[in-house]
Amino acid sequence: MPIYTPPIRDLQFVLHDVLDLSATGLPGHEDLDREFTEAILDAAGKLSSEVLAPLNRVGDQQGCRLENGIVRTPEGFKDAFDAVKEGGWTSLDCDPEYGGQGMPYVMGVATGELFVGANLAFNMYQGLTHGAYSAIHAHGTEDQKRTYLPKMVSCDWTGTMNLTEPHAGTDLGILRTKAEPQDDGSYLITGQKIFISSGDHDLAENVIHLVLAKAPGGGEGTKGISLFIVPKFIVTADGSLGDRNGVSVGALEHKMGIHGNATCVMNYDGARGWLLGDLHKGMRAMFTMMNEARIGVGLQGYAGAVPAYQNALAYAKDRLQGRAVSGAGNAAGAADPLIVHPDIRRSLMDQKSFLEGARALALWGAHLIDRSHLAGDADAEGLVSLMTPVIKGFLTDKGFETTVLAQQIFGGHGYVEEWGMSQFVRDARITMIYEGANGVQALDLVGRKLAQDGGKHVMAFFEMIKSFCKQHADNEALAADFIAPLKSASKDLQTAAMFFMERGMKNPDDALSGSYDCMHLFGHVTLAFMWARMAVAAQAALGAGAEDADFYRTKLVTGRYYMKRQLPMTATHLARIRSGAATVMELEAEAF
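The text that follows walks through the structure, step by step, so that each part is easy to find. (Residues numbered from 1 in each chain as written. Predicted model: local features only at pLDDT ≥ 70, side-chain atom pairs only at ≥ 80, totals over all residues. Heavy atoms only, no water.)

**Description of the packing of aromatic side chains**
Step number 1: Considering all chains together, one arrives at 16 aromatic pairs under this definition.
Step number 2: Each ring, one from Tyr-315 and one from Phe-410, has its centre 4.2 Å from the other, and the planes form 25 degrees; the classification is stacked. With a gap of 95 residues between them, Tyr-315 in helix H8 (residues 306–318) and Phe-410 in the loop between helix H10 (378–409) and helix H11 (412–415) connect regions that are remote in the sequence. In this structure, Tyr-315 and Phe-410 share a single accessibility class: buried.
Step number 3: Members of the aromatic cluster, joined through ring pairs, are Phe-13, Phe-551 and Tyr-552.
Step number 4: Between Arg-244 and the ring centre of Phe-233, over which it is positioned, the NZ or CZ distance is 5.6 Å.
Step number 5: Sitting over the face of the ring of Phe-529, Arg-533 holds its NZ or CZ atom 5.7 Å from the ring centroid. (Phe/Tyr/Trp six-rings, centres within 6.5 Å; stacked < 30°, edge-to-face > 60°. Helix = DSSP H or I, 4+ residues; strand = E, 2+ residues; numbered from the N terminus. Buried < 20%, exposed > 50% of the residue type's maximum accessible area, 1.4 Å probe, protein only. Lys NZ or Arg CZ within 6 Å of the ring centre and 35° of its normal.)

Quick look at the structure:
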C-alpha cells in the first residue's frame, strides 16, 4: 500500500514564513496565525491520511459502476464523503450567508493539497461542486442563490460543469445542445455532453449541472452560448426535491486513470433548466468556474505527485542495489541503498525542488485571488489572470513528469501494479488535458494574456521581479545562488515577450509556434521567483535562531539545486522561441 504523509510543515512555511498571511491586512487574515492554521491543517491531514488515502487504491481498482441508470462509487467513498461533509471541509472558504465558514481562499487551497494528495479522484466530487458554487454565487439571482447554494456549500448537493460534446471540445462555438424557452421562464435543454467529471453518483441527494447550450437568437459561435442550471431532481418551492429531471447518464467513460471519479456521458432530453447570468453571455459566467477550476487543476498537477515522490524517496532509502562509487555506504550489507547513487539523487532532487516550488506558486496564486476578492485589488486580479495558464499548464506538465520520475526509481517494481506507482502516473495524466489542454493554455498565455490591458500585467510581473532583485542585490549569502540566476532568467522571459510583440503581428505562426516554450519559460521564472522568496525567508529564520534550523538549511540547499539544475532551461526555451515558425510549419501535411 503506498504511503502518504501530509506535508504540513512545508505548507506552514509558505503560509507564514513566505506569505506572512496574518500580517497582510486583508479581511479575515488577521486570525491566520501559525497556531490557527496548524490546527486546521492537522485536522485535514488526519482525515486525508487515515480516511482518504487508504481509499485511493480502492477507487483505482474498483472504479465506478452504472447499474440500472444509477452510478455507484467505489466501496468506502460514501462514508468518506460523509466524513468530509461532517468536518465542514466543503464549506471552508464559502460565503457565511449560505452556510460557509468564510475563510480566505488560500486556506481552501492549502487544505485542498492534502485532500488531492491523498485521493485525487475522490476530491473531484467536492472540488467541482465548489466551482459550480462560485459560478452561481457570482452570476445567480438572489432566488437561485437561496435555492442552490446552502445545499452545495454543505455538499448535500454536488455540482458539475457541462461543456464538451462529442464533436465540440476546445471549439465550443460549434456545440449543438439547444435551450428552448418556456412560458414560465425556464428552458428545455436537449443535447449530449461527454467527459463530465462527477456527472452522477450515489454520494449526494442531488446533482446541480451547469450546462452550456444555445438559445434562440444568439447567433453563431461562442457569442450565442448561454449557461443554465439543470438539476438532476427539480427543486420545489419549499426547497425539497421533486420530480426527476430529464437528464440521465448514457455511459461511464473508460479511462486511463482517476477511476474513482464518475466521468459520464450525460444525455439531456428536454431537461428543465434555468438561465444563469445573462442570455447569450454564458461563456462569461462559465469562465468564473473555469478559471477557478484551472487553478484547482494546477494544484492537482503537483499535489498528486507529492505521494509519488514520498514513496520513491522511501523506496530509494530502503532498496539495496549496487555500491556507491565513493565506497561502501552500507558495509555490513550486500549492497548500498539506491539513494547513494548520483543519478537517483538527481531524480529525487528534480522531484523535491519542483514540488516545493510548485506549492509556493499555488499558494501565492491563491493569495492573489484573496487580494483581488477581499480587497478589490485590480492589479492582483490582473496578475492572477496572467498566471492562470502558467499555473495550470506548467504545474501539470511538470507534475506528470514528476510522477514518471518517481515511478522510475522503482525500476520494474514501478511498472507492476503491486506497488501502486502506476496509479500516480495514470491519475496525473488527465491534469494536462482537462479544463483546457495545455497547448490551449499556452495559446491563451501568448495570444491573450501577455497583451492583456496593453501588456500591463506582464510588465508588472517583470517589475516585481526587478524590484525584488534590487532589494536583495547586496545580500551576499543569496546574491550569487538566487538573485543573479533569477535576474538572468527574467531577462530571457522579457526577450521572449519582445519577440512575440515584434513578430506576432507580422506572422502569428511565429508567436504560436513558441507558445508552449513560453509557458514553460514563464513557469521556470515563476518557480525561481518562489525559490528566491523562500530562500530569503529561510535565511531570515536561520538568522533569528530558528529551532528547526535543519528544515531551513534544507530549503536553501533544495533551492540552490533548482536554480543551478532546472532554471537554465529558460535559455533553451528562449532559443526555441526565437527559431520562429519556419521549421514547425514547413512540412506539408501529406509528408508527415
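Don't stop here, the text continues.
**Structural notes on the pairing of strand S4 (residues 178–181)**
Step number 1: Sheet analysis places S4 next to strand S5 (residues 187–197), joined by four bridges and oriented antiparallel. Within the sheet, the bridge partner assigned to Ala-179 lies in S5 and is Ile-189.
Step number 2: Where S4 folds back onto S5 in an antiparallel hairpin, the turn is made up of five residues, including Gly-185, whose phi is positive at roughly 95 degrees. (Pairing = 2+ DSSP bridges.)

**Observations concerning the side chain of Thr-570**
Step number 1: Within the element layout of this structure, Thr-570 appears in helix H19 (residues 569–578).
Step number 2: Thr-570 gets classed as buried once you look at its relative accessible area, which sits at 3%.
Step number 3: If near-sequence neighbours (up to four positions away) are discounted, Thr-570 is found in contact with Ala-489, Asp-492, Leu-521, His-524 and Val-525. (Contact = heavy atoms within 4.5 Å.)

**Some details on the layout of surface pockets**
Step number 1: Its volume calculated, the second largest pocket comes out at about 380 Å³.
Step number 2: Together, 16 residues line the second largest pocket, and Tyr-309, Gln-310, Leu-313, Lys-352 and Glu-356 are the ones closest to its centre.
Step number 3: Of all the secondary-structure elements, those providing two or more residues to the lining of the second largest pocket are H8 and helix H9 (342–375).
Step number 4: In terms of residue count, the dominant contributor to the lining of the second largest pocket is H9 (seven residues). (1 Å grid on protein atoms, 1.4 Å probe; cavity = no way out; pocket = protein on both sides within 12 Å on 5 of 7 lines; lining within 4 Å. Points joined across faces, edges and corners; volume = space filled by probe spheres on them.)

**Thoughts on the pairing of strand S7 (residues 225–231)**
Step number 1: Within S7, seven of the seven residues are buried, which leaves it mostly tucked inside the rest of the structure.
Step number 2: Going residue by residue along S7, you find Ile-225, Leu-227, Ile-229 and Pro-231 tucked away on one face and Ser-226, Phe-228 and Val-230 tucked away on the opposite face as well.
Step number 3: One ladder, built from seven bridges, connects strand S6 (residues 206–214) with S7; its direction is antiparallel. By the bridge assignment for S7, Lys-214 is matched with Ile-225.

**Things to note about a negative patch on the surface**
Step number 1: Together, Glu-30, Asp-31, Asp-33, Glu-35, Glu-38 and Asp-42 make up a region of like negative charge exposed at the surface.
Step number 2: Structurally, Glu-38 is set in helix H2 (residues 34–62).
Step number 3: A residue is classified by how much of its surface remains accessible, and Glu-38, at 38% relative accessible area, is partly exposed. (Patch = residues over 30% accessible without salt bridge, like charges linked within 9 Å, V, L, I, M, F, W, Y side chains within 5 Å. Areas by Shrake-Rupley, 256 points an atom, 1.4 Å probe, with all protein chains shown as cover. Salt bridge = Lys/Arg side-chain N within 4 Å of Asp/Glu carboxyl O. Lys, Arg positive; Asp, Glu negative; His and termini not counted. Charge placed at Lys NZ, Arg CZ, Asp CG, Glu CD.)

**Digging into helix H1 (residues 8–18)**
Step number 1: Taking burial as the measure, the 11 residues of H1 include 10 buried ones, the bulk of the element.
Step number 2: Within H1 the residues assigned to the buried category are Ile-8, Asp-10, Leu-11, Gln-12, Phe-13, Val-14, Leu-15, His-16, Asp-17 and Val-18.
Step number 3: Elements that come into contact with the buried residues of H1 comprise H2, helix H4 (105–118), H9, helix H17 (515–543) and helix H18 (549–566).
Step number 4: One or two positions beyond H1, positive phi appears at Asp-20, with a value near 50 degrees.

**Digging into unusual backbone geometry**
Step number 1: The phi dihedral of Ser-198 falls on the positive side, at around 60 degrees, and the residue is not glycine.
Step number 2: Residue class for Ser-198 comes out buried when judged on its relative accessible area of 1%.
Step number 3: The phi dihedral of Glu-435 falls on the positive side, at around 60 degrees, and the residue is not glycine.

**Some details on the pattern of salt bridges**
Opposite charge on two side chains permits them to pair, given that their charged atoms come into close proximity.
Step number 1: Under the counting rule described, the total for this entry stands at 31 salt bridges.
Step number 2: Note that Asp-156 and Lys-85 form a salt bridge whose closest N and O atoms lie 3.1 Å from each other. Taken together, the positions of Asp-156 in the loop between helix H6 (142–153) and strand S3 (157–162) and Lys-85 in helix H3 (residues 77–86) put the pair 71 residues apart, joining distant regions of the chain.
Step number 3: We note a salt bridge from Glu-356 to Lys-352, for which the minimum N-O separation is 2.6 Å. Taken together, the positions of Glu-356 and Lys-352, both in helix H9 and four residues apart, correspond to about one turn of that helix.
Step number 4: Within this structure, Asp-10, Lys-352, Glu-356 and Lys-555 form a network of salt bridges that share partners.

**Considerations on the nonpolar core**
Step number 1: Core analysis: the biggest nonpolar cluster contains 148 residues, and Tyr-302, Trp-364, Phe-461 and Phe-522 have the highest contact counts within it.
Step number 2: Take this core: its biggest share by element is 17 residues, from H17.
Step number 3: Counting 31 residues, the second largest nonpolar core, distinct from the first, contains Leu-175, Leu-210, Val-235 and Met-283. (Core = buried A, V, L, I, M, F, W, Y, C linked by side-chain atoms within 4.5 Å.)

**Some thoughts on the packing of H17 against H19**
Step number 1: Viewed as axis vectors pointing N to C, H17 and H19 meet at an angle of 155 degrees, and their least axial separation amounts to 9 Å. On the basis of their axis angle, the class for H17 and H19 is roughly antiparallel. Where H17 crosses over H19, the two elements pack in a sense that is left-handed. Residues Asp-517, Cys-518, His-520, Leu-521, His-524 and Val-525 of H17 touch H19, and the partners they reach there are Met-569, Thr-570, His-573, Leu-574, Arg-576 and Ile-577.
Step number 2: Split into classes, the residues belonging to the contact of H17 with H19 amount to six nonpolar, four polar and two charged. (Axes fitted to C-alpha atoms, helices over the stretch in contact; angles between N-to-C directions. Parallel < 35°, antiparallel > 145°, perpendicular 65-115°, else oblique. Left-handed = near helix turned anticlockwise from the far one by under 90°. Nonpolar A, V, L, I, M, F, W, Y, C, P; charged D, E, K, R; others polar.)

**Section: empty space enclosed by the protein**
Step number 1: Tallied over the entire structure, the rule returns three cavities of 30 Å³ or more.
Step number 2: Along its surface, the largest cavity is lined by 13 residues, and Pro-2, Ala-53, Asn-56, Ala-118 and Phe-424 are the ones closest to its centre.
Step number 3: Listed by contribution, the elements that provide at least two residues to the lining of the largest cavity are H2, H4 and helix H12 (421–429).
Step number 4: Per element, the largest residue contribution to the lining of the largest cavity is three residues, and it comes from H2.
Step number 5: Taken together, the residues of the lining of the largest cavity break down into eight nonpolar, four polar and one charged.
Step number 6: What the second largest cavity holds in volume is close to 90 Å³.
Step number 7: Lining the second largest cavity, in full, are Asn-56, Val-116, Gly-117, Ala-118, Asn-119, Leu-120, Gly-304, Pro-307, Phe-424, Asp-427 and Ala-428.
Step number 8: Here the lining of the second largest cavity is built from residues that sort into six nonpolar, four polar and one charged.

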